[in-house]
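# Survey of secondary and tertiary structure
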Amino acid sequence: MLRITTLILFFSIITVNSLFSQASATANFTASATIIQPIGITTTNNMQFANIDARNGGAVILTPDNTRITNGDIVLAEGGTVSAATFEVTGQTGFAFGISLPQGSHRLSSGSESMLLQDFTTNYDGSSIAGDGKTIKVGASLIVNPNQQPGDYKTNGDLQVTVNYN
């Protein structure tokens, strides 16, 4: 009887062990990370509307492709440099980025006289950074007052363009 009990006990232990032997499993993994090139932006040209005859006022729209368009009684005079603000964006090749342009209106002043700069636009189409970077341009509208006084008008402070990876 002792042998039968021992055999039953032995087979019970083997059966119980085989039931619980597959209750867990183990897998292995590795980890990795890639450090990308930080995004950067450098100003290569400042925004310049060139020479304007104010007459009865209006607006000069400077497009990102350096074209000036008038609205109102303004004449685009000869001379001066026409240039949209131009920037070189660098970063990880193949990565797209977002761009934030100045918001609202900003003053250009000459002494006590001023004009407003607003409605900023860009030629950035959402495409990725190439190996040598990405050139983007920014235009805006300049609101010229009737009989605006002659002078060299400049922003009172820097205007900011910000880029970041999407």
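Above this text is the structure in question.
Residues numbered from 1 in each chain as written. Predicted model: local features only at pLDDT ≥ 70, side-chain atom pairs only at ≥ 80, totals over all residues. Heavy atoms only, no water.

## Quick notes on the overall build of the chain
- Summing up its helical and strand segments, the chain has 1 helix and 12 strands in all.
- Each helix (α) and strand (β) of the chain, taken in turn from the N terminus, gives the series α-β-β-β-β-β-β-β-β-β-β-β-β.
- The proportion of buried residues among the 166 residues of the chain is 25%.
- Considering only contacts within the chain whose residues lie at least 6 apart along the sequence, 68% involve residues at least 24 apart.
- Entry remark: accessible area of the chain is about 11000 Å², with carbon and sulfur atoms responsible for 52%. (Helix = DSSP H or I, 4+ residues; strand = E, 2+ residues; numbered from the N terminus. Buried < 20%, exposed > 50% of the residue type's maximum accessible area, 1.4 Å probe, protein only. Contact = heavy atoms within 4.5 Å. Areas by Shrake-Rupley, 256 points an atom, 1.4 Å probe, with all protein chains shown as cover.)

## Considerations on the pattern of salt bridges
- Following the criterion strictly, the structure yields 1 salt bridge and no others.
- Here Arg55 and Asp53 are joined by a salt bridge, their closest N and O atoms 3.3 Å apart.
- For Arg55, a relative accessible area of 42% puts it in the partly exposed group.
- Classification of Asp53 by relative accessible area gives partly exposed; the value is 33%. (Salt bridge = Lys/Arg side-chain N within 4 Å of Asp/Glu carboxyl O.)

## Observations regarding the environment of Leu159
- You can see Leu159 is positioned in the loop between strand 11 (154-155) and strand 12 (162-165).
- Dropping the residues within four chain positions of it, Leu159 is found in contact with Pro102, His106, Leu117 and Phe120.

## A look at the packing of aromatic side chains
- On inspection of all chains with the given rule, the structure shows 2 aromatic pairs.
- Here the aromatic rings of Phe97 and Tyr124 are separated by 4.2 Å at their centres, their planes lie at 15 degrees, and the arrangement is stacked. Of this pair, Phe97 sits in strand 7 (residues 97-100) while Tyr124 sits in the loop between strand 9 (113-122) and strand 10 (134-144); the two residues are 27 residues apart in sequence, bridging distant segments of the chain.
- The class for Tyr124 is buried, based on a relative accessible area of 14%. (Phe/Tyr/Trp six-rings, centres within 6.5 Å; stacked < 30°, edge-to-face > 60°.)

## Observations concerning the nonpolar core
- In terms of nonpolar packing, the biggest core is built from 24 residues, with Phe97, Val138 and Val144 touching the most fellow members.
- At the level of secondary structure, the elements contributing two or more residues to this core comprise strand 3 (52-62), strand 6 (85-90), strand 9 and strand 10.
- Here the element with the most residues in this core is strand 10; it accounts for 5 residues.
- Once residues lying within four places of it in the same chain are set aside, the contact partners of Phe97 are Ile39, Val89, Tyr124, Ser127, Ile129, Lys134, Ile136, Val163, Asn164, Tyr165 and Asn166. (Core = buried A, V, L, I, M, F, W, Y, C linked by side-chain atoms within 4.5 Å.)

## Notes on the side chain of Arg68
- Of note, Arg68 is situated in strand 4 (residues 68-76).
- Buried and unpaired, Arg68 has Glu78 as its nearest opposite-charge partner, separated by 6.9 Å.
- Reaching out from Arg68, the side chain makes a polar contact with the backbone oxygen of Phe49 at a distance of 2.8 Å.
- Here the side chain of Arg68 touches Asn51 through a polar contact of 3.0 Å, landing on its backbone oxygen. (Lys, Arg positive; Asp, Glu negative; His and termini not counted. Polar contact = N/O pair within 3.5 Å; in protein donor to acceptor, adjacent residues only side chain to side chain.)

## Considering the environment of Gly133
- Here Gly133 is to be found in the loop between strand 9 and strand 10.
- For the pair formed by Gly133 and Glu88, sequence separation is 45 residues and the distance between their alpha carbons is 6.5 Å.

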